[in-house]
Amino acid sequence: MKTAEHLLLHSCCGPCMTVVHEQLKLEDFNITAFFYNPNIHPWKERERRLQSLKDYADSKGIPLEIDEEYPLEKNIRMLLDADNRCYACFEDRLSATAERAAELGIMNFSTTLSVSPYQNQSFIQSAGKIAGEKNGVRFVYRDFREFYRESIRISSEAGMYRQPYCGCVFSERDRYLRLKSPGQI
Ligand code: SF4
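Remember, predicted model here, so these are calculated numbers, not experimental data.

Enquirer: Please clarify how the overall build of the chain should be interpreted in this entry.
Expert: Check the secondary structure of the chain and you find 7 helices and 5 strands. Secondary structure of the chain in N-to-C order comes out as β-α-β-α-β-α-α-β-α-β-α-α. Over its C-alpha atoms the chain spans a radius of gyration of 15 Å, differing by no more than 12% from the 16 Å that the globule rule assigns to 185 residues. Each principal axis of the C-alpha atoms in the chain carries an extent, and together these give about 55 × 40 × 30 Å. Each of the 185 residues in the chain was classed as buried or not, and the buried ones make up 39%. Intrachain contacts of the chain at a sequence separation of at least 6 include 73% that bridge at least 24 residues.

Enquirer: Help me understand the environment of Arg-48, please; the structure alone is not making it clear to me.
Expert: When you line up the elements, Arg-48 lands in helix 2 (residues 43–60). Separated by 106 residues in sequence, Arg-48 and Ile-154 have C-alpha atoms that sit 18 Å apart.

Enquirer: Mind showing me how you'd approach the site of the ligand here?
Expert: Not every one of the 12 residues close to the ligand is listed here, only the nearest: Cys-86, Cys-89, Cys-166, Gly-167 and Cys-168. Those elements that place two or more of their residues in the shell around the ligand are helix 4 (85–104) and helix 7 (169–177). The leading source of residues in the shell around the ligand is helix 4, at 3 residues. Partitioning the shell around the ligand into residue classes produces 7 nonpolar, 4 polar and 1 charged.

Enquirer: In this structure, what is going on with the pairing of strand 1 (residues 5–10)? I would like to understand it.
Expert: Within a regular beta strand, the side chains point alternately toward one face of the sheet and then the other, so they alternate between its two faces. In this structure, strand 1 lies alongside strand 2 (residues 29–35), joined through 6 bridges in parallel fashion. Counterpart to His-6 in the pairing with strand 2 is Asn-30. Following the chain from strand 1 across helix 1 (residues 14–26) to the adjacent parallel strand 2, one finds a crossover that is right-handed. Two strands pair when backbone bridges link them, and strand 1 and strand 4 (residues 108–111) are joined in this way by 4 bridges, in the parallel orientation. Considered in strand 4, the bridge of Leu-7 is made with Asn-108.

Enquirer: When you look at the nonpolar core in this model, what are you seeing that I'm missing?
Expert: Among soluble globular proteins, nonpolar side chains are generally buried collectively. In this structure, Leu-9, Val-20, Ala-33, Leu-53 and Phe-109 are the most contacted members of the largest nonpolar core, which totals 39 residues. For this core, the leading source of residues is helix 4, giving 6 residues. The contact partners of Leu-53, leaving out residues within four places of it in the chain, are Ser-11, Cys-13, Gly-14, Met-17, Ala-33, Phe-35 and Leu-64.

Enquirer: How do you make sense of the environment of Leu-72 when you look at a structure like this?
Expert: Mapped onto the fold, Leu-72 is located in helix 3 (residues 72–81). For Leu-72 and Asn-39, which are 33 residues apart along the polypeptide, the C-alpha to C-alpha distance reads 7.7 Å.

Enquirer: When you look at the sheet that holds strand 4 in this model, what are you seeing that I'm missing?
Expert: One key point about sheets: their strands pair by backbone hydrogen bonds, in either a parallel or an antiparallel sense. Spatially, 5 strands are ordered 3-2-1-4-5 in an open sheet, and the strand pairing comes out parallel. Two strands bound the open sheet, and with one partner strand each, they are strand 3 (64–66) and strand 5 (138–139). Together, strand 2 and strand 3 form the strand contacts of helix 2, whose direction differs from that of strand 2 by roughly 155 degrees. Helix 4 contacts strand 1, strand 2, strand 3 and strand 4 of the sheet and is inclined by roughly 150 degrees relative to strand 1.

The rules behind these values
Residues numbered from 1 in each chain as written. Predicted model: local features only at pLDDT ≥ 70, side-chain atom pairs only at ≥ 80, totals over all residues. Helix = DSSP H or I, 4+ residues; strand = E, 2+ residues; numbered from the N terminus. Rg over C-alpha atoms; globule rule 2.2 N^0.38 Å. Buried ≥ 20, exposed ≤ 12 C-beta atoms within 10 Å, placed from the backbone. Contact = placed C-beta atoms within 7 Å. Near = placed C-beta within 6 Å. Nonpolar A, V, L, I, M, F, W, Y, C, P; charged D, E, K, R; others polar. Pairing = 2+ DSSP bridges. Right-handed = clockwise from strand over helix to strand, strands pointing away. Core = buried A, V, L, I, M, F, W, Y, C linked by C-beta atoms within 7 Å. Axes fitted to C-alpha atoms, helices over the stretch in contact; angles between N-to-C directions.

Distances and angles like these do not, on their own, reveal function.
Next comes the structure, spelled out in structure tokens:
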């Protein structure tokens, strides 16, 4: 009999978790969610997204690991110094997830980030693969974008908090100045 494989799922918020969790369950993964997102500015926005994730995880009985660190200065410095801000952001979050998976003895990890049509999928794939290789765990990449509309439907019907911009203060500015809107949902 096949035994479900354990997978640590980097999770940015409740709405993105809905369909990603459903799809990975269909593949028979046993999922633990992991919240590490110091790129979400400001603090209150981080709290809203974390609360939506907690509520969803509770309702589905999903174990949730939370990294309570919020190194704002370090994160902003990293984003300012990076050649490509979004790549550095994925690298940071997926490296932390791979490290935590290795610490917990969970051999697979993945992310909810790939449900968004606003994110660069090749960046996610590359950052996840490198993080996995460094930590001896397997990055399970799936392109979940076809389920994006479904995530909007489920989260809207459930009255979940939905983010108005990707996360960092730069994306918040760009969203409201209507320059571009990575991660806007
Ligand atoms: S736009 Fe989104 S992915 Fe890019 S750096 Fe900001 S929070 Fe990270």
